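Next come the chains, spelled out residue by residue.
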Amino acid sequence: MRLTVINFVFIFCSYSLRILALPDEILIGGIFDEQDKIQDLAFRYAVERVNKDRSTLPRSKLKAHIELLPGDDSFQASKRVCMLLRHGVAAIFGPQREKTANHVQSICDAMEVPHIETRWDYKLARDEYSLNLYPYPPSLSEAYRDILLQLKWRSFVILYDSNEGLVRLQTLLKEKSWTVAVRQLPKGEDYRPLLKDIRRSQETRIVLDVAQDKIYQVLRQAAQIGLMREYHNYFITSLDFNQVDLEDFRYGGTNITGVQLVNPATPQLKKVLEEWMYGELRHGRSLPDDIKKVTTEAALMYDAVTLFAKALDDLDNSREVNIIQLHCEGDNTWQHGTSLINFMKWYSSRHYATASDNRRGNIHDPTRNFSHFGQAQVHGLTGVIKFDSSGFRSDFQLEILEMDVKETLKKVGTWTLAGGANYTRSWAETVDAVEFNLHNRTLIVSTALTPPYTMLKETSQRLEGNDRFEGFCVDLIHEISLIRGFNYTFRKVADGSYGTKNRETGEWNGIVRELLDHKADLGIVDFTITYEREEAVDFSMPFMNLGISIIYKKPQKKSPSLFSFMSPFSLDVWIYMATAYLGVSVLLFILARIAPNEWDNPHPCIQDPEELENTISLSNAFWFTIGSLMQQGSDIAPKAVSTRIVAGIWWFFTLIMISSYTANLAAFLTVERMDSPIEGAEDLAKQTKIKYGCKKGGSTYSFFMDSTIPTYQRMWSAMVNARPTVFTESNDDGVERVAKADGQYAFLMESVSIEYVVERKCELTQVGSLLDSKSYGIALPPGSPYTGAISSAVLMLKENGKLHILKNKWWKQRKGGGHCQREASSTKSSGAAELGLANVGGVFVVLIGGMGLAALMAVCEFMWNARELATDESASFCDELSSEVKFIIKCSGNTKPVRKKAPSTPEEPLFTYGSYGANYGYSERK
């Protein structure tokens, strides 16, 4: 019981001390510019809001003492601060100007009074008694960098008005992967000369870092000079981007991106605005014109008062706090200033370890252990208020906004220090926005007159506008416009060129030049997509695939040759056949002498002949094989297995060869041969009689000039050194030169253009295959938002077959198409090609295999016969074999004596057919 009483007394005394800790009325000072009424309003109503909310300061109330300064008057600022200190203030808020703020800050540091700011400050170190709620400049610059990376910007112009802009964008300037041009706005209000220079530089992406009141003027003057088209992109760094009136630019198609720290659509801000308006009306004060435009700095001031009140209450709960009057001339300081500013800096530190600390290498100070607070975070109009270990507000959340035709400004993503830029806009939303901008818009289409792509109508009527043109490209644009819902106006390019880059000056001409100058929105003709052009402008998905080929005079009929019957086989096949004939004939003769069954009784009536005869002599062997080859046969018939194998294999060989010869000969006789001196680019490169060239400055010209293939390099050298020049000003000139050169000139151009020409000029034809592979596409200005929409429309026309229909219409139906019926047999030099060794080589393999098998069989027969003789005669096998080999090698005479022996028994025969032996004599018929 005694302990309980002591505890009660202790709690009562502590409570009594806390009651005496803070006065009932706490004075805080605000120093603002006379023109900044919203800042003054935010400060006053923040104080009023804190006083209404008794949960923050339950025993005390805040009292705002506001001093208004006439601009950058440092002397007046110093006087006002000293006056506020003499009244006894717990903190001073403001001002917003750099010069006056620095003076106020120095005095507050000397008096150890918290100085709270809400302005942009580039200083990388905070004074001990200073706190700034404005986002940390390096973090803000990093946010801009992350957003531009997400936008895939690689080159842009930074347009700024003061040196602060360069400090804000230092991260962008340090990025090595970007090409950045920096331009400063001139003094005065006419920015058009500078904007015209930017337009001439062909840059379509601009980072705008200027004062809030200049943003609209810059955009309006940019629109006047044509620097706000649908392919232009702007990024505005102002945190009050939502305060800019973009209604005049809403339907122009320009992409304008910005960020905001304060969302004016949140219920919390709407409620605050209602309180401000009601309070001003209640006090009989006139409402500012821009009261609904709550600036970022005004919202920060509102949050600063809230944060101060919360920190002061926490300080009051931890110790006895008294507020004293201070004099700038004296030496006294406020003893609680350090603790109060630390409470504000480290508020919610237990819940917060920023990613910026890790990036900068800062480590949380473990000695600052304010365990009695940090139970909840402070949520204000600018989001969660928290500071890093250095006292900077480096972690905050920005909302990424884009101008939208439906909502003026639309949130498309967010940025945080930890997560970077995160776009929440879906791909479908992006496509819908582009298609909406494209709908009912009139696009300028630049083109050049090239049949059948774009042509002038041949009519006696006076035509204007799009009615003057017709052709494949005109129909293609019309089909795309029906899909995407835009209007178009065709305009012929002034110099008639597609687009060639000057290697010395780097300047483009033709259609590419008009796209770069934004005088046209689309460029269409037989526009080859090349690397160099792709670097300058954007291209849609290809609407036609092709390659370089050769147009040449159609080959003339070839006069028949006296020895044309040899054409079915190439020379090497004829040589191999002759060799095979000789080899088989000799082999047949040799095997016939080896084979025992080929030796017969020349006189069948004589029971006991003196000699045997072989009918396959050398001349008969040649006669037998030639008779088989000519499909005539002979009266000589092999009897032994080995010789019959030779004959069968030879017959098979002759069957295949004669059949192949007959079939190919029929083709040579029935198909009319054309005499063409060239078959492709290789033939052109190997000869010097026929000149060849291409259109000067075109994609074919660039292909040969930049090629690293030896054949094409030789062709380029020949074209460059030819006199007179082989280059033409247009494809039509090249075609006409081919027609008049009577086979002495060939022209290199795109295959689809050759297809169009040969349909109408029957004396010309395409020679050889494609030298490369390329495509035609629709060109657009670099960075055009309509590239995807045009590409998807082209793909749709491909899939539904509309492109094929259009090509047939303009290639084979209109303007003389189909006049020449191309013959399938005349696309090559001959309808039947010579048969090479690769075609009939297998027959020779079979022949060689068969000959080898026959020789093996003959040797086996010979050995078997020698063995039988040696057994019958009780003689040595080697002796019998030797005598037989000697007789064969002799190669003279076609008779063989019969070896006789006396029968040992009545059953044995009187004589034996066999070879010459050592114990038996023989006589040879002379």
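Before reading further, recall that the structure is shown in the block above.
Residues numbered from 1 in each chain as written. Predicted model: local features only at pLDDT ≥ 70, side-chain atom pairs only at ≥ 80, totals over all residues. Heavy atoms only, no water.

Engineer: Lay out the overall build of the protein chain with the relevant residues and their values.
Structural biologist: If you tally the helices and strands in the protein chain, you get 29 helices and 35 strands. Evaluated residue by residue, the protein chain yields a buried proportion of 49% over its 926 residues. Contacts in the protein chain between residues at least 24 apart in sequence constitute 71% of all its contacts with a sequence separation of at least 6. (Helix = DSSP H or I, 4+ residues; strand = E, 2+ residues; numbered from the N terminus. Buried < 20%, exposed > 50% of the residue type's maximum accessible area, 1.4 Å probe, protein only. Contact = heavy atoms within 4.5 Å.)

Engineer: Can you lay out the pattern of salt bridges for me, pointing to particular residues and giving the numbers?
Structural biologist: This structure, assessed with the given rule, holds 33 salt bridges. In this structure, Lys 774 engages Asp 772 in a salt bridge whose closest nitrogen and oxygen atoms are separated by 3.5 Å. Across this residue pair, the class does not change: Lys 774 and Asp 772 are buried. (Salt bridge = Lys/Arg side-chain N within 4 Å of Asp/Glu carboxyl O.)

Engineer: I'd like to hear about the packing of aromatic side chains, residue by residue, with values.
Structural biologist: Taken as a whole and assessed by the stated rule, the structure comprises 37 aromatic pairs. Aromatic pair Phe 469 and Phe 490: ring centres 6.0 Å apart, planes at 40°, arrangement tilted. Residue Phe 469 is found in strand β18 (residues 469–470), and its partner Phe 490 is found in strand β19 (residues 487–492); the two are separated by 21 residues along the sequence. Classification of Phe 490 by relative accessible area gives buried; the value is 2%. (Phe/Tyr/Trp six-rings, centres within 6.5 Å; stacked < 30°, edge-to-face > 60°.)

Engineer: Break down the side chain of Thr 711 for me, citing the residues and quoting the values.
Structural biologist: Relative to the helices and strands, Thr 711 is located in helix α23 (residues 710–721). Accessibility expressed as a relative area gives 10% for Thr 711, which makes it buried. Only 3.0 Å separates the side chain of Thr 711 from the side chain of Glu 682, close enough to count as a polar contact. Once you skip the residues sitting within four places of it in the chain, Thr 711 turns out to touch Ala 681, Glu 682 and Ala 685. (Polar contact = N/O pair within 3.5 Å; in protein donor to acceptor, adjacent residues only side chain to side chain.)

Engineer: Explain the state of the cysteines to me, and be specific about the residues and the numbers.
Structural biologist: Per the counting criterion, the structure on display carries one disulfide. The side chain of Cys 82 participates in a disulfide bridge whose partner is Cys 328; the two sulfur atoms lie 2.1 Å from each other. In this structure the cystine formed by Cys 82 and Cys 328 twists about its S-S bond by roughly -115°; its chirality is therefore left-handed. With Cys 82 in helix α3 (residues 74–87) and Cys 328 in the loop between α11 (296–318) and α12 (337–345), the pair connects residues that are 246 residues apart, well separated along the chain. A relative accessible area of 12% places Cys 82 in the buried class. Note on Cys 328: relative accessible area 26%, which makes it partly exposed. (Disulfide = S-S within 2.5 Å.)

Engineer: Pulling in residues and values, what's your account of the environment of Gln 813?
Structural biologist: Among the structural elements, Gln 813 can be located in helix α27 (residues 802–813). Sequence-wise, Gln 813 and Glu 759 are 54 residues apart; in three dimensions their C-alpha atoms are separated by 9.8 Å.

Engineer: Could you give an account of the sheet that holds strand β29 (residues 745–750), with specific residues and numbers?
Structural biologist: As summarised here, the arrangement of the four strands in space is β28-β29-β23-β30, forming an open sheet in which the pairing is mixed. On the outer flanks of this sheet lie β28 (691–694) and β30 (764–767), each paired with one strand and no other. Pairs of neighbouring strands in the sheet enclose a mean axial angle of 30°, with direction left out of account. Where strand β23 (residues 548–553) meets β29, four bridges bridge the pair, whose relative direction is antiparallel. Within β29, the position partnered with Ile 548 by the bridge is Glu 750. Sheet contacts for α23: β28 and β29; angle to β28, the most-contacted strand, approximately 95°. (Pairing = 2+ DSSP bridges. Axes fitted to C-alpha atoms, helices over the stretch in contact; angles between N-to-C directions.)

Engineer: Got a sec to walk through the sheet that holds strand β2 (residues 61–69)? Specific residues and values, please.
Structural biologist: Strands sit in the order β2-β1-β3-β4-β5 across an open sheet of five strands; the sheet is parallel. What marks the edges here is a single partner per strand, and that holds for β2 and β5 (130–132). The pairing of strand β3 (residues 92–93) with strand β4 (residues 115–117) spans two bridges and is parallel. Among the inter-strand pairings, Phe 93 is bridged to a residue of β4, identified as Ile 116. On top of the sheet, helix α2 (residues 37–52) reaches β1 (25–33), β2 and β3; it is set at about 170° to β2, its chief contact.

Engineer: Talk me through the environment of Ala 592; I want residue IDs and the actual numbers.
Structural biologist: Note on placement: Ala 592 falls in helix α18 (residues 571–594). Once the C-alpha coordinates of Ala 592 and Lys 639 are considered, the two residues, 47 residues apart in sequence, prove to be 8.8 Å apart. The residues touching Ala 592, leaving out its near neighbours within four places in the chain, are Glu 598, Trp 599, Asn 614, Ile 616 and Thr 643.

Engineer: An account of the pairing of strand β13 (residues 397–404) is requested, with residue identities and associated values reported.
Structural biologist: Along β13, seven of the eight residues are buried, which leaves the element largely enclosed by surrounding structure. Sheet topology note: the strand β10 (residues 255–260)/β13 ladder contains four bridges and is antiparallel. Each residue of the ladder has a partner; that of Gly 258, found in β13, is Leu 401. Relative to strand β14 (residues 408–416), β13 runs antiparallel, the two being bridged by eight bridges. The residue bridging Leu 401 from the neighbouring strand is Lys 411, located in β14.

Engineer: I'd love a proper account of unusual backbone geometry, names of residues and values included.
Structural biologist: Here Pro 451 and Pro 452 are connected by a cis peptide whose omega angle stands at -5°. When you line up the elements, Pro 452 lands in the loop between β16 (442–447) and β17 (455–456). Arg 723 connects to Pro 724 through a cis peptide bond whose omega is 0°. The residue Pro 724 is located in the loop between α23 and α24 (731–740) in this model. Of note, Glu 112 is a non-glycine position whose phi angle comes to about 60°, a positive value. Its relative accessible area of 22% is what places Glu 112 among the partly exposed residues. Of note, the phi angle at His 518 is positive, near 60°, even though the residue is not glycine. Looking at the secondary structure, you find His 518 in the loop between α16 (510–516) and β20 (522–523). For His 518, a relative accessible area of 7% puts it in the buried group.

Engineer: Account for the pairing of strand β8 (residues 205–209), with residues named and values stated.
Structural biologist: Counting buried residues along β8, five of its five residues qualify, which places the element largely inside the surrounding structure. Both faces of β8 are covered, namely the face carrying Arg 205, Val 207 and Asp 209 and the face carrying Ile 206 and Leu 208. Two strands pair when backbone bridges link them, and strand β6 (residues 155–160) and β8 are joined in this way by four bridges, in the parallel orientation. By the bridge assignment for β8, Leu 159 is matched with Leu 208. Taken together, the four bridges between β8 and strand β9 (residues 233–236) define a ladder with parallel strand orientation. When the bridges of β9 are listed, Ile 206 appears paired with Tyr 234. Handedness of the crossover joining β8 and β9 through helix α9 (residues 215–224) is recorded here as right-handed. (Right-handed = clockwise from strand over helix to strand, strands pointing away.)

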